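For reference, the chains in residue letters:
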Amino acid sequence: MKKRVLLLDVGGVLILSKRQEVFANWAVKLGQPTESVHQLIANYNGVLARGKSYSVSDYLKDRTINWIDESTFEELRKDLWGSEYLNTKLLSYILDRSADYTFVLLTNNFRGLEHLLDEKFKIPKFYKKIINSSEIGSLKPDPSIFLHTLKTLNVAPEDCIFVDNKVENVKAAREMNIKGIVYRNFTLFKKELELLS
């Protein structure tokens, strides 16, 4: 039987976090709505995930954000990074299935991700490749990142299963004939993967 390709997102799938709790706590500290604090970080991370350089001071100045300074912004980012933890159930489960799948990480992330996975999370290199938005310049759910992935791996869409915690990313993959699973928790993931296999 031919191995299938399991495309895994990193943040929200392989690496989990308590981000919502961090955002809520910082919203109180800053006197801002939680959504404003979340968008502040999401927009900055989006620039970095496209592989562009952008200093925090320039980001805050360009967007005329005056309710947070550079050092406080960096403290917020450190709290977010500190809330991250390895999804050990998922990792153990997929490592047990390495005979059935080729694993590829498909992520909207920063340069240097592989070093972070190794140093911070001590993740064994179970994956064949990392397809990282910061290195190719397009973000999920843009179809170009999926096309790039298929071409790079030299695989057909029907030979892949994509796992992401964002509905819009899974929807985009499905529109390209890639099977998709929206990751909500390990139990549901396991059931859905078994149905697709």
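The rules behind these values
Residues numbered from 1 in each chain as written. Predicted model: local features only at pLDDT ≥ 70, side-chain atom pairs only at ≥ 80, totals over all residues. Heavy atoms only, no water. Helix = DSSP H or I, 4+ residues; strand = E, 2+ residues; numbered from the N terminus. Rg over C-alpha atoms; globule rule 2.2 N^0.38 Å. Buried < 20%, exposed > 50% of the residue type's maximum accessible area, 1.4 Å probe, protein only. Contact = heavy atoms within 4.5 Å. Areas by Shrake-Rupley, 256 points an atom, 1.4 Å probe, with all protein chains shown as cover. Lys, Arg positive; Asp, Glu negative; His and termini not counted. Charge placed at Lys NZ, Arg CZ, Asp CG, Glu CD. Expected span 1.5 Å × (residues − 1). Arc of directions from axis to C-beta. Axes fitted to C-alpha atoms, helices over the stretch in contact; angles between N-to-C directions. Left-handed = near helix turned anticlockwise from the far one by under 90°. Nonpolar A, V, L, I, M, F, W, Y, C, P; charged D, E, K, R; others polar. Patch = residues over 30% accessible without salt bridge, like charges linked within 9 Å, V, L, I, M, F, W, Y side chains within 5 Å. Salt bridge = Lys/Arg side-chain N within 4 Å of Asp/Glu carboxyl O. Pairing = 2+ DSSP bridges. Polar contact = N/O pair within 3.5 Å; in protein donor to acceptor, adjacent residues only side chain to side chain.

A. Quick peek at the overall build of the chain. Scanning the chain from terminus to terminus reveals ten helices and seven strands. Against the compact-globule benchmark of 16 Å for 197 residues, the chain has a radius of gyration of 18 Å, which places it among compact chains. Projected onto the principal axes, the alpha-carbon positions of the chain cover approximately 60 × 30 × 30 Å. Taking all 197 residues of the chain together, 45% fall into the buried category. Within the chain, residue pairs in contact and separated by at least 24 positions form 65% of the contacts whose partners lie at least 6 positions apart. Working note: accessible area of the chain is about 10400 Å², and carbon and sulfur atoms make up 49% of it. On the chain, the mean spot of the 29 positive side-chain charges and the mean spot of the 25 negative ones are 4 Å from each other.

B. Molecular detail of helix α4 (residues 70–82). If you check α4, its first and last C-alpha atoms are 18 Å apart, about what 13 residues at 1.5 Å a residue would give, namely 18 Å. For α4, every residue scored as buried is listed here: Thr72, Phe73, Leu76, Arg77 and Leu80. One side of α4 holds all its buried residues, which, seen down the axis, span an arc of 145°. α4 presents Lys78 and Gly82 as exposed residues on the side facing more than 90 degrees away from its buried surface. Among the structural elements, α1 (19–30), α2 (34–49), α3 (56–62) and β3 (84–86) are those in contact with the buried residues of α4.

C. Seen up close, the packing of α1 against α2. With their axes 8 Å apart at the nearest point, α1 and α2 run at an angle of 115° to one another. In the packing of α1 onto α2, the handedness of the crossing is right-handed. Contacts between α1 and α2 involve Arg19, Phe23, Ala24, Trp26, Ala27 and Leu30 from the former and Thr34, Val37, His38, Ile41 and Asn45 from the latter. In the contact of α1 with α2, the residues fall into seven nonpolar, three polar and one charged.

D. Layout of a negative patch on the surface. A grouping of Asp69, Glu70, Glu75 and Asp79 is seen on the molecular surface, where their side chains present a negatively charged patch. Tracing the backbone through its elements, the reader meets Asp69 in the loop between α3 and α4.

E. Spotlight on unusual backbone geometry. Backbone torsion omega between Lys140 and Pro141 reads 15°, so that peptide bond is classified as cis. With respect to the helices and strands, the residue Pro141 is situated in the loop between α7 (133–136) and α8 (143–153). A positive phi is found at Asn154, a non-glycine position, where the angle reads about 55°. Checked against the element boundaries, Asn154 lands in the loop between α8 and β6 (160–164).

F. Structural view of the pairing of strand β4 (residues 101–107). Within β4, six of the seven residues are buried, leaving the element largely enclosed by the surrounding structure. With five bridges joining them, strand β1 (residues 4–8) and β4 adopt parallel strand pairing. In the sheet register, Leu8 faces β4, and the bridge partner there is Leu105. In the sheet, β4 pairs with strand β5 (residues 129–132) via four bridges, with the strands oriented parallel. Its bridge partner lying in β5, Leu106 is registered against Ile131.

G. Just the environment of Asp142, in detail. Here Asp142 is to be found in the loop between α7 and α8. With 30 residues separating them along the chain, Asp142 and Ala172 place their C-alpha atoms 7.3 Å apart. At a separation of 2.7 Å, a polar atom in the side chain of Asp142 contacts the main-chain amide nitrogen of Ser144.

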